[in-house]
Amino acid sequence: MRKLNTFIAPAMFAVMALGAASPSMAQGYPGRDYPGQHDRGQYDRHNDRHNDRGRVNQVRAQIDQLQMAVNRNDDRDRISEREARGLRNEVRNLRFQFRDFSRDGLSNWEYRKLEDRIDNIRTRLHGERRDRNDHRM
């Protein structure tokens, strides 16, 4: 029995020690991207991705408001059909880009890009309303 204890106990301790050390030694090899690992020093634009639904819902609401504003101005004949068609196409393309970006949350870069596009379309709608070109179809 004594031989058994002197042989089995150290073997069990060795197995347990290897088992505890394995997760800390489990690292990828260079050149592969793993979460939190940046071997090459490159900026990963997806590293700063936020999964908060607040920003996603905020951008979605702004796009919906923009779509309603285009429709409202077209219905009230404040912009021409041609101008409304162009604005609707821009809002539709913005919505497609938003769907692509927001699949796993919005990074800071994606959020800023969407906000810039929303502002540009708002500015264009404002300009189309005030252009006074009298080309209402």
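Please refer to the structure higher up on the page.
First things first, this report covers the structure right here in the doc. (Residues numbered from 1 in each chain as written. Predicted model: local features only at pLDDT ≥ 70, side-chain atom pairs only at ≥ 80, totals over all residues. Heavy atoms only, no water.)

## Focus on the overall build of the chain
- On a plain count of helices and strands, the chain comes out with four helices and zero strands.
- Going from N to C terminus, the chain has its helices and strands arranged as α-α-α-α.
- Out of the 137 residues in the chain, the part that is buried amounts to 26%.
- Taking the intrachain contacts of the chain between residues at least 6 apart in sequence as the baseline, contacts between residues at least 24 apart amount to 70%. (Helix = DSSP H or I, 4+ residues; strand = E, 2+ residues; numbered from the N terminus. Buried < 20%, exposed > 50% of the residue type's maximum accessible area, 1.4 Å probe, protein only. Contact = heavy atoms within 4.5 Å.)

## So, the nonpolar core
- Counting residues in hydrophobic clusters, the biggest one holds 19 residues, and the most contacted among them are Val59, Ile63, Leu94, Leu106 and Leu114.
- For this core, the elements supplying multiple residues, two or more each, are helix H2 (53-75), helix H3 (81-101) and helix H4 (108-130).
- The residues touching Leu94, leaving out its near neighbours within four places in the chain, are Ile63, Leu66, Leu114, Arg117, Ile118 and Ile121. (Core = buried A, V, L, I, M, F, W, Y, C linked by side-chain atoms within 4.5 Å.)

## A few points about unusual backbone geometry
- Positive phi is not limited to glycine here, since Asp77 has a value of about 60°.
- Position of Asp77 among the secondary structure elements: in the loop between H2 and H3.
- We classify Asp77 as partly exposed; its relative accessible area is 47%.

## A word on the pattern of salt bridges
- Summed over the entire model, instances satisfying the criterion amount to six salt bridges.
- Residue Arg95 pairs with Asp64 through a salt bridge whose shortest N-O separation is 2.9 Å. Taken together, the residues span a long stretch of sequence, with Arg95 in helix H3 and Asp64 in helix H2 at a distance of 31 residues.
- In this structure, the salt-bridge partner of Glu128 is Arg124, at a minimum N-O distance of 3.7 Å. Here Arg124 and Glu128 lie together in helix H4, a separation of four residues that amounts to about one turn.
- Judged by its relative accessible area of 29%, Arg124 falls in the partly exposed class.
- Bridged by salt links that share partners, the residues Glu90, Arg124 and Glu128 form one connected network. (Salt bridge = Lys/Arg side-chain N within 4 Å of Asp/Glu carboxyl O.)

## Things to note about the packing of H3 against H4
- One can describe the packing of H3 onto H4 by two numbers: an axis separation of 11 Å at closest approach and a directional angle of 170°. Overall, the two elements H3 and H4 adopt an arrangement that is roughly antiparallel. Along its contact with H3, which presents Glu83, Gly86, Leu87, Glu90, Val91, Asn93, Leu94, Gln97, Phe98 and Phe101, the element H4 presents Trp109, Glu110, Lys113, Leu114, Arg117, Ile118, Ile121, Arg124, Leu125 and Glu128.
- A breakdown of the residues in the contact of H3 with H4 according to their chemical character gives ten nonpolar, three polar and seven charged. (Axes fitted to C-alpha atoms, helices over the stretch in contact; angles between N-to-C directions. Parallel < 35°, antiparallel > 145°, perpendicular 65-115°, else oblique. Nonpolar A, V, L, I, M, F, W, Y, C, P; charged D, E, K, R; others polar.)

## Regarding the environment of Gly105
- Checked against the element boundaries, Gly105 lands in the loop between H3 and H4.
- Sequence-wise, Gly105 and Asp52 are 53 residues apart; in three dimensions their C-alpha atoms are separated by 6.7 Å.

## Looking at H2
- Here H2 spans 33 Å end to end across 23 residues, near enough to the 33 Å set by a 1.5 Å rise per residue.
- Turning to H2, its buried residues are Arg55, Val56, Val59, Gln62, Ile63, Leu66, Gln67, Ala69, Val70, Asn73 and Asp74.
- Tucked into the core, H2 has its buried residues touching H3 and H4.
- Asp77 lies just past H2 and shows a positive phi near 60°. (Expected span 1.5 Å × (residues − 1).)

## So, the packing of H2 against H4
- Running from N to C, H2 and H4 point in directions that differ by 15°, and their axes come no closer than 11 Å. Classified by the interaxial angle, the pair formed by H2 and H4 is roughly parallel. H4 is crossed by H2, and the crossing has left-handed handedness. Taking contact as the criterion, the partners of Arg55, Gln58, Val59, Gln62, Ile63, Gln65, Leu66, Ala69, Val70 and Asn73 in H2 are, on H4, Asn108, Tyr111, Leu114, Glu115, Ile118, Ile121, Arg122, Leu125 and Arg129.
- Taken together, the residues of the contact of H2 with H4 break down into ten nonpolar, five polar and four charged. (Left-handed = near helix turned anticlockwise from the far one by under 90°.)

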